[in-house]
Protein chains: 2
Amino acid sequence: MAETTHPSRVTIGLVQMTMGPDCAANLRAAQDATRRAAAAGARIICLPELYRSQYFCQKEDARLFDLAEPVPGPSTEAFQALAAELRAVIIVPVFEKRAPGVHHNSAAVIDADGALLGLYRKMHVPDDPAYYEKFYFAPGDLGFRVFDTAFGRVGVLICWDQWYPEAARLTALRGATMLFYPTAIGWHPHEKAQYGAAQRDAWTTVQRGHAIANGVYVAAVNRVGFERPVPEQAGIEFWGMSFVADPQGVIIAQAPEDREDVLTAEVDLEHLETIRRNWPFLRDRRIDAYHGIERRFLEDA
Amino acid sequence: MAETTHPSRVTIGLVQMTMGPDCAANLRAAQDATRRAAAAGARIICLPELYRSQYFCQKEDARLFDLAEPVPGPSTEAFQALAAELRAVIIVPVFEKRAPGVHHNSAAVIDADGALLGLYRKMHVPDDPAYYEKFYFAPGDLGFRVFDTAFGRVGVLICWDQWYPEAARLTALRGATMLFYPTAIGWHPHEKAQYGAAQRDAWTTVQRGHAIANGVYVAAVNRVGFERPVPEQAGIEFWGMSFVADPQGVIIAQAPEDREDVLTAEVDLEHLETIRRNWPFLRDRRIDAYHGIERRFLEDA
């Protein structure tokens with residue numbers, strides 16, 4: 001750790017980006033946006049899921065494993081240098097090549113002195129039309145983790161994880177005061193008119209629910225813009241709207257739906273303490289009665 | 001069960017009430033409202049938490065255990081007769097006297113033929129200023145349950161339970177398609193102006209989150225009106241706003257904040273099927289990695 005005590009207030013920065021087909025350009029754009037976030041006062045900065053490329057999971061193509069990179073590798077090296085320069089914590093999603101045929105959808109947490117604190121590997125991996133992630137990513141095997149950074153104990157979860165209360169709970173129980181969700185979520189163009197508002201509202205709501213149930217800050221960092229890497233498919237319109245919710249679920253900052261943004265918000269541990277004292281949900285958990293959570297379904301229970 | 005197959009669509013009814021000091025009058029008012037709900041088409045009808053009295057937990061007074069009743073007892077007998085008459089399922093909260101010195105905050109589920117299917121006993125019991133429930137109620141010991149009624153498999157949870165994702169999850173894993181939350185929640189008058197909107201929004205949001213995460217209907221049934229049973233205290237302004245959320249978290253019916261209401265909404269199991277097919281969250285749970293949920297906190301993990 002760069003410091004030994006955490007400040008009670010810290011500004012966090014969320015980089016909402018568009019991605020083009022050139023990975024090197026995406027990396028440079030992410031570096032530039034990270035500098036802008038730091039210049040705006042952010043000391044913990046988070047990039048969107050798989051920031052270095054377009055969302056390639058719209059089709060299953062083994063050649064696209066070429067996009068993967070090792071850890072340490074280009075992304076972590078570039079952002080380790082930048083973190084040390086900016087004195088900022090940076091959360092860097094990585095399409096991780098772990099071994100031939102073993103890849104993960106991961107995020108590296110880099111401390112403010114440039115040290116690589118560790119990885120989170122996406123635990124819940126989706127597979128839906130145009131989100132063919134089970135083809136690309138082995139399920140994470142590191143569990144739900146926290147990272148003691150110079151500016152606070154941080155939890156990192158990734159996209160599909162955001163629908164799972166267990167992921168937020170276990171990360172919060174390990175002492176995270178803020179959960180970052182690098183994300184790539186958007187609309188199928190043919191669904192947007194009929195279902196789009198409800199889908200995006202559900203995405204926001206379930207994450208605000210995690211903030212409330214656990215008394216933590218939640219930061220969702222989405223990409224934005226239309227990507228159609230497969231011409232014969234309709235593409236995905238990523239809906240932006242990155243946001244930060246406080247420990248009562250109040251949205252304290254939100255990015256637009258249609259353009260890039262460097263969003264900042266203040267995490268205040270005194271406010272978190274106040275909320276948890278007054279709404280002491282963690283006190284009353286019935287830990288004697290939660291068996292069954294580790295089962296798929298309970299038709300016989 | 002009154003029938004052996006469940007209809008795919010059923011209208012549910014939520015009785016949002018004010019309560020006065022006369023328990024017999026509250027019981028009669030609840031019966032009248034239940035009749036109105038049935039007349040409006042409701043086949044599953046739910047009353048608010050502790051419907052038969054004002055919210056007595058605003059002070060700790062051992063004499064108030066006189067308000068408790070056994071099961072079977074006046075509430076269940078009255079509503080068993082009414083259920084059979086109306087051919088409706090009725091969820092009846094009860095301040096349950098189980099034995100001298102053993103009381104619960106419970107809800108009886110009565111089937112459409114008048115049979116008492118069973119009890120849910122509130123598992124998560126709060127204790128906050130003017131909500132001194134730990135004094136009155138022993139923690140529930142029946143776990144998280146479902147009830148196979150004539151009109152569907154119903155889960156019942158009570159008020160403070162609504163802040164706990166584990167309660168909703170375990171009930172949904174047992175096959176509930178709808179979760180009913182009889183509730184008594186309101187504002188401390190001195191907090192309403194500054195915190196009231198955020199508090200009520202959090203209450204709505206966390207329950208919508210349960211609907212989304214589990215793909216179930218959620219029905220919250222609150223009381224309404226100002227109750228000040230302890231003259232030297234400020235009282236509680238119960239905020240009404242009973243609602244029904246669909247399996248995507250969309251609020252499909254909501255009662256007003258300032259008056260009684262008999263709210264009805266349609267539960268559609270085909271819609272639930274569609275939502276769960278398209279957002280298959282239950283498919284991807286990492287049941288190998290949820291250990292720790294049954295711990296209070298994980299500082300050493």
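It should be noted that the structure appears before, not after, this text.
Remember, predicted model here, so these are calculated numbers, not experimental data.

A. Spatial organisation of the overall build of chain A. Looking only at helices and strands, chain A features six helices and 15 strands. Computed over its C-alpha atoms, the radius of gyration of chain A comes to 18 Å, within 12% of the 19 Å expected for a compact globule of 301 residues. Principal axes of the C-alpha set define a box for chain A whose edges measure 55 × 55 × 40 Å. In chain A, buried positions account for 62% of the 301 residues. Taking the intrachain contacts of chain A between residues at least 6 apart in sequence as the baseline, contacts between residues at least 24 apart amount to 70%. Summed over its atoms, the accessible surface of chain A is roughly 10,600 Å², and 51% of this surface lies on carbon and sulfur atoms. Charge-centre separation for chain A: the mean point of 31 positive side chains lies 2 Å from the mean point of 39 negative side chains.

B. Molecular detail of the packing of helix α1 (residues 23-39) of chain A against helix α2 (residues 74-86) of chain A. All names here are of chain A. Where α1 meets α2, the closest approach of the two axes is 11 Å, and the angle between their N-to-C directions is 15°. As far as their axial angle goes, α2 and α1 are roughly parallel. Between α1 and α2 lies a crossing whose hand is right-handed. Residues L27, A30, Q31, T34, R35 and A38 of α1 touch α2, and the partners they reach there are A78, F79, L82, E85 and L86. A class-by-class count of the residues in the contact of α1 with α2 yields seven nonpolar, two polar and two charged.

C. The arrangement of the interface of chain A and chain B in detail. Contact residues are listed per partner, giving 55 residues for chain A and 55 residues for chain B. For the pair chain A and chain B, the number of links is eight salt bridges. The tally of links between chain A and chain B comes to 30 residue pairs in polar contact (both at pLDDT 80 or more). For the side of chain A that touches chain B, the elements supplying multiple residues, two or more each, are α4 (165-173) and α5 (189-214) of chain A. Counting residues per element, the side of chain A that touches chain B draws most heavily on α5 of chain A, which supplies 10 residues. A breakdown of the residues in the side of chain A that touches chain B according to their chemical character gives 29 nonpolar, 10 polar and 16 charged.

D. Molecular detail of the relation of the copies chain A and chain B. Of the two same-sequence chains, chain A is brought onto chain B (RMSD 0.0 Å, axial shift 0.0 Å) by a rotation of 180°. The symmetry that links the two subunits is that of a two-fold axis. For chain A, the residue whose C-alpha comes nearest the rotation axis is G209 of chain A, separated from it by 2.7 Å.

E. View of the packing of aromatic side chains. Throughout the structure, instances matching the rule amount to 45 aromatic pairs over all chains. With 4.7 Å between their ring centres and 25° between their planes, F56 of chain A and F95 of chain A make a pair best called stacked. A residue pair is termed long-range when its members are at least 10 positions apart, and F56 of chain A in the loop between β2 (44-46) and α2 and F95 of chain A in strand β3 (residues 89-99) qualify at 39 residues. Taken together, a centroid distance of 4.9 Å and an interplanar angle of 50° make the contact between W279 of chain A and W163 of chain B tilted. Linking W279 of chain A in the segment after α6 (269-278) with W163 of chain B in the loop between β7 (152-156) and α4 (165-173), this pair reaches from one chain into another. Comparing W279 of chain A with W163 of chain B, the two get one shared label, buried. Among the aromatic residues, those joined into a cluster by ring pairs are F56, F65, F95, F135, Y136 and F137 of chain A. Across from the ring centre of F238 of chain A, 5.5 Å away, lies the NZ or CZ of R223 of chain A, which sits over that ring.

F. Geometry of the sheet that holds β7 of chain B. Residue and element names in this part refer to chain B. Reading across from one edge, β6-β7-β8-β10-β13-β14 is the order of the six strands in this open sheet, with mixed pairing throughout. Two strands lie at the open edges of the sheet, namely β6 (146-149) and β14 (251-254), each paired on one side alone. Taking each pair of neighbouring strands and ignoring which way they run, the sheet shows an average axis angle of 20°. Where strand β10 (residues 217-221) lies against strand β13 (residues 243-245), three bridges are found, and the strand directions are antiparallel. Bridging from a neighbouring strand, V218 pairs with A245 of β13.

G. Representation of the side chain of E166 of chain B. Looking at the secondary structure, you find E166 of chain B in helix α4. In terms of polar contacts, E166 of chain B uses its side chain to reach the side chain of R169 of chain A, at 2.7 Å. Looking at E166 of chain B, its side chain comes within polar contact range of the side chain of R285 of chain A, at 2.9 Å.

H. Spotlight on the environment of H6 of chain A. All names here are of chain A. On the secondary structure map, H6 appears in the segment before β1 (9-16). Here H6 falls in the partly exposed class, since its relative accessible area comes to 32%. Between the C-alpha atom of H6 and that of R153, which follows or precedes it by 147 residues, the distance is 8.4 Å.

I. Structural context of the environment of K122 of chain B. All names here are of chain B. Here K122 lies in the loop between β5 (116-121) and α3 (133-136). A residue is classified by how much of its surface remains accessible, and K122, at 1% relative accessible area, is buried. Each C-alpha atom, one on K122 and one on I158, is 5.6 Å from the other, the two residues being 36 residues apart in sequence. When neighbours within four sequence positions are excluded, K122 is seen to be in contact with E49, N105, E133, P139, G140, I158, C159, W160 and D161. Looking at K122, its side chain comes within polar contact range of the side chain of E49, at 2.7 Å.

J. The pattern of salt bridges, seen in detail. Inspection of every chain in the model, using the stated rule, returns 46 salt bridges over all chains. We note a salt bridge from R121 of chain B to E96 of chain B, for which the minimum N-O separation is 2.8 Å. A residue pair is termed long-range when its members are at least 10 positions apart, and R121 of chain B in strand β5 and E96 of chain B in strand β3 (residues 89-99) qualify at 25 residues. Residues R121 of chain B and E96 of chain B agree in their burial class; the two are buried. For the salt bridge of R98 of chain B with D141 of chain B, the shortest nitrogen-to-oxygen distance reads 2.8 Å. One end of the pair, R98 of chain B, is in strand β3; the other, D141 of chain B, is in the loop between α3 and β6, and 43 residues separate them in sequence. Look at the salt bridges and you will find they share partners, linking E96, R98, R121 and D141 of chain A into a network.

K. Quick peek at the sheet that holds strand β15 (residues 261-268) of chain B. Residues and elements named next belong to chain B. With mixed pairing, the six strands of this open sheet are ordered in space as β5-β4-β3-β2-β1-β15. Looking at which strands have only one partner, the edges of the open sheet turn out to be β5 and β15. Strand after strand, the sheet turns through a mean of 30° between neighbouring axes, direction not considered. Bridge count for strand β1 (residues 9-16) against β15 is eight bridges, and the pairing is antiparallel. Opposite T11, over in β15, you have E266 as the bridge partner.

L. Seen up close, α4 of chain B. Across the nine residues of α4 of chain B, nine count as buried, placing the element largely inside the fold. Those residues of α4 of chain B that sit buried are P165, E166, A167, A168, R169, L170, T171, A172 and L173 of chain B. Looking at the buried residues of α4 of chain B, the elements they touch are α4 and α5 of chain A together with β6, β7, β8 (178-182) and α5 (189-214) of chain B. G175 of chain B, located one to two residues past α4 of chain B, shows a positive phi value of around 100°.

Rules behind the numbers
- Residues numbered from 1 in each chain as written.
- Chains lettered and ligands numbered in written order.
- Predicted model: local features only at pLDDT ≥ 70, side-chain atom pairs only at ≥ 80, totals over all residues.
- Heavy atoms only, no water.
- Helix = DSSP H or I, 4+ residues; strand = E, 2+ residues; numbered from the N terminus.
- Rg over C-alpha atoms; globule rule 2.2 N^0.38 Å.
- Buried < 20%, exposed > 50% of the residue type's maximum accessible area, 1.4 Å probe, protein only.
- Contact = heavy atoms within 4.5 Å.
- Areas by Shrake-Rupley, 256 points an atom, 1.4 Å probe, with all protein chains shown as cover.
- Lys, Arg positive; Asp, Glu negative; His and termini not counted.
- Charge placed at Lys NZ, Arg CZ, Asp CG, Glu CD.
- Axes fitted to C-alpha atoms, helices over the stretch in contact; angles between N-to-C directions.
- Parallel < 35°, antiparallel > 145°, perpendicular 65-115°, else oblique.
- Left-handed = near helix turned anticlockwise from the far one by under 90°.
- Nonpolar A, V, L, I, M, F, W, Y, C, P; charged D, E, K, R; others polar.
- Salt bridge = Lys/Arg side-chain N within 4 Å of Asp/Glu carboxyl O.
- Polar contact = N/O pair within 3.5 Å; in protein donor to acceptor, adjacent residues only side chain to side chain.
- Least-squares fit on C-alpha atoms with pLDDT ≥ 70 in both.
- Phe/Tyr/Trp six-rings, centres within 6.5 Å; stacked < 30°, edge-to-face > 60°.
- Lys NZ or Arg CZ within 6 Å of the ring centre and 35° of its normal.
- Pairing = 2+ DSSP bridges.

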